[in-house]
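# Descriptive analysis of the structure
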Protein chains: 2
Amino acid sequence: MREFRGKLRILLIDDNSDHLRGVKELISLESNFEVVGATTSANLGINLVKKYRPDIVLTDVNMPEKDGLQAIQDIERLELGTKIIALSGYDDADLIFRAMKLGAKGYVLKTMASAQLIHAIDEVAAGKVYLPSVLSSRFFDYFQRSFKEETSAMDAENLLSYLTAREEEVLDLLTQGNNYKGIAGKLFISETTVKTHVNNIFQKLQVNDRTQAVLYALNNGFANKRRAKLAV
Amino acid sequence: MREFRGKLRILLIDDNSDHLRGVKELISLESNFEVVGATTSANLGINLVKKYRPDIVLTDVNMPEKDGLQAIQDIERLELGTKIIALSGYDDADLIFRAMKLGAKGYVLKTMASAQLIHAIDEVAAGKVYLPSVLSSRFFDYFQRSFKEETSAMDAENLLSYLTAREEEVLDLLTQGNNYKGIAGKLFISETTVKTHVNNIFQKLQVNDRTQAVLYALNNGFANKRRAKLAV
DNA sequence: TGAAATATCAATCCAAAGATGTAGGACAAA
DNA sequence: TTTGTCCTACATCTTTGGATTGATATTTCA
C-alpha cells in the first residue's frame, strides 16, 4: 500500500514543547515514519516545509500569534502536495470545519489514543481523509446547519418567482454589472424597453434601485436558480 | 444503545421496484427494523412521511421526474426529525455533496454489501452521520476543491487591499444597498464626502458604478475579509 | 374567441449618481 | 519640518438612473 521509497517524512508543529516531544517519540517508534523536523513556531514550521518538503505535516491548531489555521493555509498555498493533519485539544465544530475547509486531510484530538494518530497518518498518507467518527459527526452537523440557512432562503416567499422570463434575463445582466445601454445591446432591444423591464423588476422585488435589486437576487439564490435550470 | 420504544420505523423510496422489494426484504429480516412504507414514487413517499412519520427514510437519488434530491429537501422542510439516508448507484462526488448539503445523514451505494446498509441505518438512527470511507474521501475532495477557489480568490492581486479603512466602511454600506444619503447619515459625514470616497473606491477597484463595485466586493471575498477581522 | 399577461418602444421629468478640481486639517513617517 | 496619506467638504457639470404614462403587437390560456 505504501510507496516504495523509504520512510514517510513527517514534520511536527506544536507550540507545546512537551507535547511536541511526546509526539516525536511516538512517531519515531514506528519504523516506517521519519520525523524530518519539529518546531514550536508556526512561522518556522512553514519554512521547514519549504526546505524539507515532508509528506505529512502534523500541526497544532491552537497556538498564539500565527495560529495553526493560518499555517495550514500557508502550507496549502505552497502547493507542494504536503498533506496536513490538524491536532487540537478541542473538538470544536467550527475549528474542525475551518481546518478542513483550508485543506487539512485529517483532524485528530490530542486526547485520542496514540494508535489513532498513527492510524490517521497511515490513512492520510494513503490519500484518504481521516476524521474520527466523533469529529465527522460534528463536522456534518456544522456543515448541514450552515447550508440550511442558504436553502431556506432559496424558497419561502421568494419575490424572484414573480419575475417573467424576460425580466430574469434583464436581472441576470444587471447582476453582471451592466447599465441600460449594455443590457439593451445584449438583448437587441431598445434602452427604453430595458428601462421598462427594470422598473417592473423593482416593483416586484420591492426595491428602490439596481444595486438593491442585484443584492436581493444574489441573496435569494438567483444565480443558483438559473444554474439549477441547467445543472440539476 | 437503541431506544426502548419498539422497532425502528423505516420508509423506503426507490423507483426501481425490484431493488425496492429487495431492500424491503433485507430490512424485514432485522428484528428491530420495521418497514412502515415502500413506494416507487418520490411524491408519494413524501406524503407517506407526513402520514407515518418514520424514523428513517431510505431514498434513491437517481430517479426521473421528481428526483431524490428534491425529495430529501422536501422531507427536510417538514422538520419532523426524519433522518434520511440516500441510496445511489453512483459514487458521484457532486451527488454525494448535494445530498449531504440538503441534510442527508447517510449515503450508501446500492452495490455495497447489505451488511453495510444495515450498519448505516444503525449509525444514523443513533444520531451519527454515516458515509463509507470511499465516499467520505470523495466528499472531502469535492468539499476542499470547492473552497479552494474561494480562498484563492480572496488573496492574490486583490484590489480591495488598496482601500483605506474609511473606504472599506463606505463600500460595506454600499454592499448593503445604501445610497449616498444613507451612507452619509450612517457615518455622520456629509453627502459630498461620501461621493469623494465612492469615487476613490471606483478608481481603486477599476469599476464604473456602484453596482460593479458591489459585485467586485462580493466576488472577491469582501464580506469574508471583514468578518475575518472579528471572527478568525 | 376574448381577456389577460407579456414584450416592445417612446416622451418626459426629476432625482441620483458620477467626474473633476480644489482645499483645509489631522496625523504619521521620514 | 517637510512630505505624504487620509478624511473631510464644497462647487460644478454631465450622465445615468428611475418614475410615470401611454401605446402597439404578440402570446397565452381559459
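Residues numbered from 1 in each chain as written. Chains lettered and ligands numbered in written order. Predicted model: local features only at pLDDT ≥ 70, side-chain atom pairs only at ≥ 80, totals over all residues. Heavy atoms only, no water.

## Structural notes on the overall build of chain A
Along chain A, the regular secondary structure elements total 11 helices and five strands. A buried classification covers 47% of the 232 residues belonging to chain A. (Helix = DSSP H or I, 4+ residues; strand = E, 2+ residues; numbered from the N terminus. Buried < 20%, exposed > 50% of the residue type's maximum accessible area, 1.4 Å probe, protein only.)

## Observations concerning the pattern of salt bridges
If the charged atoms of two oppositely charged side chains come close together, the side chains can form a pair. Taken as a whole and assessed by the stated rule, the structure comprises 16 salt bridges over all chains. The structure contains a network of salt bridges with shared partners spanning Asp 14, Asp 60 and Lys 110 of chain A. (Salt bridge = Lys/Arg side-chain N within 4 Å of Asp/Glu carboxyl O.)

## Some points on the interface of chain A and chain B
Chain A puts 36 residues into the contact, and the matching count from chain B is 36 residues. Both sides together, the interface formed by chain A and chain B hides about 3000 Å², and carbon and sulfur atoms give 61% of it. Linking chain A to chain B there are zero salt bridges. The interface formed by chain A and chain B holds nine residue pairs in polar contact (both at pLDDT 80 or more) in total. (Contact = heavy atoms within 4.5 Å. Buried area = accessible area lost by both parts, 1.4 Å probe. Polar contact = N/O pair within 3.5 Å; in protein donor to acceptor, adjacent residues only side chain to side chain.)

## Notes on the side chain of Asn 178 of chain A
All names here are of chain A. Its place among the elements puts Asn 178 in the loop between helix H7 (165–174) and helix H8 (180–187). Within the structure, Asn 178 has its side chain in polar contact with the side chain of Lys 186 (distance 2.5 Å). Discounting chain neighbours no more than four positions away, the residues touching Asn 178 are Leu 173, Ile 183, Lys 186 and Arg 210.

## Re the relation of the copies chain A and chain B
The two copies are related by a screw motion: chain A maps onto chain B through a turn of 180° and a shift of 0.2 Å along the axis, at an RMSD of 0.3 Å. Each copy turns onto its partner about a two-fold axis. The C-alpha atom lying nearest the rotation axis in chain A is that of Thr 211 of chain A; the distance is 2.7 Å. (Least-squares fit on C-alpha atoms with pLDDT ≥ 70 in both.)

## As for the confidence of the model for chain A
Residue and element names in this part refer to chain A. Averaged over every residue, the pLDDT of chain A is 86; residues scoring 70 or more account for 88%. Per-element averaging of pLDDT across chain A places helix H11 (residues 222–231) at the bottom with 50 and strand E3 (residues 56–60) at the top with 95. Ignoring residues within four places in sequence, the model shows residues 227–232, a span with pLDDT below 50, making three contacts including any to other chains. (pLDDT = per-residue confidence, 0-100.)

## Details of the protein's contact with DNA strand C
By nearness alone, 16 residues border DNA strand C, and Thr 164, Arg 166 and Ser 190 of chain A together with Asn 199 and Arg 210 of chain B come closest of all. Here Asn 199 of chain B contributes a side-chain N or O atom positioned 2.7 Å from a phosphate oxygen of DNA strand C. If you list the elements that add at least two residues to the surface near DNA strand C, you get helix H9 (191–205) of chain A together with helix H9 (191–205) of chain B. (Near = heavy atom within 4 Å.)

## Thoughts on the side chain of Arg 98 of chain B
Residues and elements named next belong to chain B. Within the secondary structure, Arg 98 sits in helix H4 (residues 93–101). Using a relative accessible area of 19% as the deciding quantity, one classes Arg 98 as buried. Only 2.7 Å separates the side chain of Arg 98 from the side chain of Asp 94, close enough to count as a polar contact.

## Quick word on the sheet that holds strand E2 (residues 33–39) of chain A
All names here are of chain A. Strand order in the open sheet made by the five strands is E2-E1-E3-E4-E5, with parallel pairing throughout. Only two strands of the sheet have a single neighbouring strand rather than two, namely E2 and strand E5 (106–109). With direction set aside, neighbouring strand axes in the sheet form an average angle of 20°. With six bridges joining them, strand E1 (residues 8–13) and E2 adopt parallel strand pairing. In the strand pairing of E2, Leu 8 is matched with Phe 33. Contacting E1, E2, E3, strand E4 (83–88) and E5, helix H5 (residues 114–125) runs over the sheet at an angle of about 155° to E4. (Pairing = 2+ DSSP bridges. Axes fitted to C-alpha atoms, helices over the stretch in contact; angles between N-to-C directions.)

## Quick notes on the sheet that holds strand E5 (residues 106–109) of chain B
All names here are of chain B. Overall, parallel pairing links the five strands, which are arranged E2-E1-E3-E4-E5 in an open sheet. This sheet does not close on itself; its edge strands, each paired only once, are strand E2 (33–39) and E5. For this sheet, the mean inter-axis angle between neighbouring strands, taken without regard to orientation, is 20°. Judged from the four bridges that link them, strand E4 (residues 83–88) and E5 form a sheet pairing that is parallel. Within E5, the position partnered with Leu 87 by the bridge is Val 108. Sitting on the sheet, helix H5 (residues 114–125) touches strand E1 (8–13), E2, strand E3 (56–60), E4 and E5, and the angle it makes with E4 is about 155°.

## Observations concerning the nonpolar core
One finds Leu 58 and Phe 139 of chain A together with Leu 58 and Phe 139 of chain B to be the most contacted residues of the largest nonpolar core, which totals 102 residues. Apart from the residues lying within four places of it in its own chain, the contact partners of Leu 58 of chain A are Ile 10, Leu 11, Leu 12, Ile 13, Val 23, Ile 27, Ile 85, Leu 87, Leu 117 and Ile 121 of chain A. (Core = buried A, V, L, I, M, F, W, Y, C linked by side-chain atoms within 4.5 Å.)

## Structural notes on empty space enclosed by the protein
Residues and elements named next belong to chain B. Under the definition given, this model contains one cavity of 30 Å³ or more. What the largest cavity holds in volume is close to 30 Å³. Lining the largest cavity are Leu 12, Ile 13, Asp 14, Leu 20, Val 23, Leu 58 and Leu 87. For the lining of the largest cavity, the elements supplying multiple residues, two or more each, are E1 and helix H1 (17–28). Residue classes in the lining of the largest cavity are distributed as six nonpolar, no polar and one charged. (1 Å grid on protein atoms, 1.4 Å probe; cavity = no way out; pocket = protein on both sides within 12 Å on 5 of 7 lines; lining within 4 Å. Points joined across faces, edges and corners; volume = space filled by probe spheres on them. Nonpolar A, V, L, I, M, F, W, Y, C, P; charged D, E, K, R; others polar.)

## Notes on the protein's contact with DNA strand D
Surveying the vicinity of DNA strand D reveals 17 residues, the closest of which are Asn 199 and Arg 210 of chain A together with Thr 164, Arg 166 and Ser 190 of chain B. Counting only atoms of DNA strand D within 4 Å of the protein, the fraction found in sugar and phosphate groups is 69%. Thr 193 of chain B has a polar side-chain atom sitting 3.1 Å from a phosphate oxygen of DNA strand D. Where the surface near DNA strand D is concerned, the elements lending two or more residues are H9 of chain A together with helix H7 (165–174) and H9 of chain B. Each residue belonging to the surface near DNA strand D can be placed in one class, and the counts come to four nonpolar, nine polar and four charged.

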